[in-house]
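# An overview of the molecular structure
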Amino acid sequence: MSRHPGGRPLVAGYAAVVCDLDGVVYRGPAPVEGAVESLSAATVPVLYATNNASRPPTVVAEHLRELGLDCTSERVATSSEAGAWLLADRLGPGAEVMAVGGVGVGLALAAAGLTPVTPADRRSGRARPVAVLQGYGAEVTASELAEAAYAVQGGALWVATNTDATLPTDRGVAPGNGSLVAAVARAVGRGPDLVAGKPEAPLYLLCARRLGLAVSSVLAVGDRLDTDIEGAVAAGADSLLVLTGVDDLQAVLEAPRHRRPTWVAPDLRALHVDPSAGPAGTGLVDLAAAVAAVHDARDRSADPAEVSALAAEAEHVLAQVTHR
Ligand SMILES: [Mg+2]
């Protein structure tokens, strides 16, 4: 159930928005239609939360400014920062942590008051890191992954920024950080101690803490059920799935409980629409209800014909919302 009281724009029902990037704000080099205008017009703070750990917040913020958004690095939260935050919470200030991944990983550790060291530092004996923060990096080598495995076998706390298995690029699908984490996991016989990024909760919790808000007052926005929405459910935030990226309405209708968004909308322009407005049967409240009816039917293992009829009804409501 939504915490939004209705009678005002969707965004006004929340204290802040935590927004995913790829598939929500932009797709590849191009901005998603209506995204920049909708986010610029938001009446509450907007933070941008990305699982991509390789780019530091300054670079992400610069990219968003190029697209036309008013954005500083404080408004960007990466899974590297969330990972560094988890480590700073558990280790004393200045503790040595081995950074495996792109430049964003080490920068996040330093910003959290920890001492980033490299795999080469550990190999040579110059450093004795008590933890490993592993994030994506296009230049990560097998010997660096080996050093991470040795450190973990030696008792180091192992935190992964995120476990996205794949990374879409303009040349095809590349192994993402989850695949590199899996390589270390195969060697040490277990997975990481902690994962910071979506679909785990810490990245959303970091955003709420940065804003001084309870996570339950935040609206999480994303395009993927298995990361953005699952993370929001885990963190205890309401969520909005926009259909401008990976997942479509059919995927929403088939989603298990832990991946069900509070709201579904064609795109970010929904932030400025009163969810209860519009002719009966055409608002975001109506769409959420139509989706919930399908979920309810699935959960009670209703007759497939009934599920199909309810799904068709949800598609019909979405078309009404889209064309309003
Ligand atoms: Mg995305």
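Residues numbered from 1 in each chain as written. Predicted model: local features only at pLDDT ≥ 70, side-chain atom pairs only at ≥ 80, totals over all residues.

On to the overall build of the protein chain. What the protein chain contains, in helices and strands, is 12 helices and 15 strands. Relative to the 2.2 N^0.38 estimate, which gives 20 Å for 324 residues, the radius of gyration of the protein chain is 21 Å and therefore close to what a compact globule would have. The buried share of the protein chain, reckoned over its 324 residues, is 50%. Long-range pairs, those at least 24 residues apart, make up 68% of the contacts in the protein chain between residues at least 6 apart in sequence. (Helix = DSSP H or I, 4+ residues; strand = E, 2+ residues; numbered from the N terminus. Rg over C-alpha atoms; globule rule 2.2 N^0.38 Å. Buried ≥ 20, exposed ≤ 12 C-beta atoms within 10 Å, placed from the backbone. Contact = placed C-beta atoms within 7 Å.)

The next point concerns the domain arrangement of the protein chain. As assigned here, the protein chain comprises domain 1 (12-51 + 202-265), domain 2 (79-195) and domain 3 (273-324). Counting residues at the interface gives seven residues for domain 1, matched by 11 residues for domain 3. (Domains from an automatic or database assignment.)

This next bit is on helix H3 (residues 79-90). In an α-helix, one turn spans 3.6 residues, which is why side chains three or four residues apart end up on the same side. Helix length check: H3 (12 residues) gives 17 Å between terminal C-alpha atoms against 16 Å at 1.5 Å per residue, within 8%. Burial analysis of H3 places nine of its 12 residues in the buried class, which makes it a mostly covered element. Among the residues of H3, Ser79, Ser80, Glu81, Ala82, Gly83, Ala84, Trp85, Leu86 and Leu87 are the ones counted as buried. (Expected span 1.5 Å × (residues − 1).)

As summarised here, the arrangement of the six strands in space is S5-S4-S1-S13-S14-S15, forming an open sheet in which the pairing is parallel. This sheet does not close on itself; its edge strands, each paired only once, are strand S5 (76-78) and strand S15 (263-265). Here the strands of the sheet are splayed against their neighbours by 25° on average, with no regard to which way each runs. The pairing of strand S1 (residues 16-19) with strand S4 (residues 46-50) spans three bridges and is classified as parallel. Opposite Val17, over in S4, you have Val46 as the bridge partner. (Pairing = 2+ DSSP bridges. Axes fitted to C-alpha atoms, helices over the stretch in contact; angles between N-to-C directions.)

Right, let's get into unusual backbone geometry. With omega at 15°, the peptide bond leading from Lys198 into Pro199 counts as cis. Residue placement: Pro199 occurs in the loop between strand S12 (194-195) and helix H8 (202-211). In this structure, Ser301 takes a positive phi of about 50° despite not being glycine. Of note, Ser301 is situated in the loop between helix H11 (284-299) and helix H12 (304-323). Judged by the 8 C-beta atoms lying within 10 Å of it, Ser301 is exposed.

The next point concerns the packing of H3 against helix H4 (residues 103-111). It is the contact of H3 with H4, at a shortest axis distance of 8 Å, that shows an interaxial angle of 40°. In terms of axis orientation, H3 runs oblique to H4. The two elements H3 and H4 meet at a crossing, and its hand is right-handed. Along its contact with H3, which presents Ser80, Glu81, Gly83 and Ala84, the element H4 presents Gly104, Val105, Ala108, Leu109 and Ala111. Looking at the contact of H3 with H4, its residues break down into five nonpolar, three polar and one charged. (Parallel < 35°, antiparallel > 145°, perpendicular 65-115°, else oblique. Left-handed = near helix turned anticlockwise from the far one by under 90°. Nonpolar A, V, L, I, M, F, W, Y, C, P; charged D, E, K, R; others polar.)

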